[in-house]
Amino acid sequence: TTMWVGGGRRLLLASFSGDSIIHTVELTGLRAGATELLIQKQDTEEVLVVLGRCGAFYVFAGHPARLSGEREEASPLFVCQAHNGGVTAGVTLENNLLTVGEDRRLKCWRLQVANSGVSLEQQELETSLFASKPIGVVLLKSREKIWLWLGMEDGTLVRHEVLGTDPLTLGPRLEVAT
């Protein structure tokens, strides 16, 4: 089991075996606190993606449970400004990173990890600006359909059906007042 704890510009990952911490990693180089930590897999490569409150993505090599030693520090391989004002939440779907931010937009990113480095490509989505700030995002699978749900600051829920993942294609937006 691995968990993360953050405060300010510090982010610690701890791996447990039963009740004991067997390994910790401090992720360094953050300009602001983290809102989410995602593990992105590509073929045999894994990276940690930290979504920052400042709107940046920080990409770190590997998976914390696979690093050796009891305590380590890791610096980002790649840093990219993703949202104006900050990232509020994110999820992974196959090779896609879906994020929402204070700029009231849903964005899709394709992360490429290769021997030569890391690159991040934004995919344009046919979604308009949200009326309220998104504060959360989840993916739900129901039989053969995948649904993307977003929670808004004003209490509204927004639902999109995921029609395809390569490239990411979303169905019409349905807003539900709560």
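Below is a short write-up of the structure. (Residues numbered from 1 in each chain as written. Predicted model: local features only at pLDDT ≥ 70, side-chain atom pairs only at ≥ 80, totals over all residues. Heavy atoms only, no water.)

**Describing the nonpolar core**
The condition that has to hold: The criterion is simple. A nonpolar core is a set of buried Ala, Val, Leu, Ile, Met, Phe, Trp, Tyr and Cys residues joined through side-chain atoms within 4.5 Å. Summary of the burial criterion: residues with accessible area below 20% of their type's maximum are buried, those above 50% are exposed, and those between are partly exposed, where the area comes from a 1.4 Å probe applied to protein chains only. Helix and strand labels come from DSSP, where a helix needs a run of H or I of at least four residues and a strand needs a run of E of at least two; each type is numbered from the N terminus. Contact between two residues is taken to exist if any of their heavy atoms lie within 4.5 Å; hydrogens are not considered.
Residues Leu106, Leu148, Leu150 and Leu168 are the most contacted members of the largest nonpolar core, which totals 18 residues. Those elements that place two or more of their residues in this core are strand 9 (87-93), strand 10 (96-101), strand 11 (106-114), strand 14 (145-152), strand 15 (157-165) and strand 16 (168-170). Once you skip the residues sitting within four places of it in the chain, Leu148 turns out to touch Leu98, Leu106, Val137, Val138, Leu139, Val158, Arg159, His160, Val162 and Leu170. Residues Val49, Leu51, Cys80 and Leu120 belong to the second largest nonpolar core, which totals 15 residues.

**Focus on unusual backbone geometry**
Of note, the bond from Asp166 into Pro167 is cis; its omega dihedral lies within 30 degrees of zero at 0°. If you trace the backbone, Pro167 turns up in the loop between strand 15 and strand 16. Even without glycine at this site, Arg104 takes up a positive phi of about 65°. As for its placement among the helices and strands, Arg104 is situated in the loop between strand 10 and strand 11. Among the residues examined, Arg104 registers a relative accessible area of 31% and is labelled partly exposed. Not every positive phi belongs to a glycine, and Arg143 is a case in point at roughly 55°. One can find Arg143 in the loop between strand 13 (134-142) and strand 14. For Arg143, a relative accessible area of 87% puts it in the exposed group.

**A few points about the packing of aromatic side chains**
Applied cut-off: The criterion for an aromatic pair is that two Phe, Tyr or Trp rings (for Trp, the six-membered ring) have centres within 6.5 Å, with stacked assigned to planes under 30 degrees apart, edge-to-face to planes over 60 apart and tilted to the rest.
Applying the stated criterion across every chain, the model contains one aromatic pair. A centroid spacing of 5.2 Å and a plane angle of 70° characterise the contact between Phe57 and Trp109, whose relative ring orientation is edge-to-face. With Phe57 in strand 6 (residues 56-61) and Trp109 in strand 11, this residue pair connects regions lying 52 residues apart in the sequence. The buried category is assigned to Trp109, whose relative accessible area is 5%.

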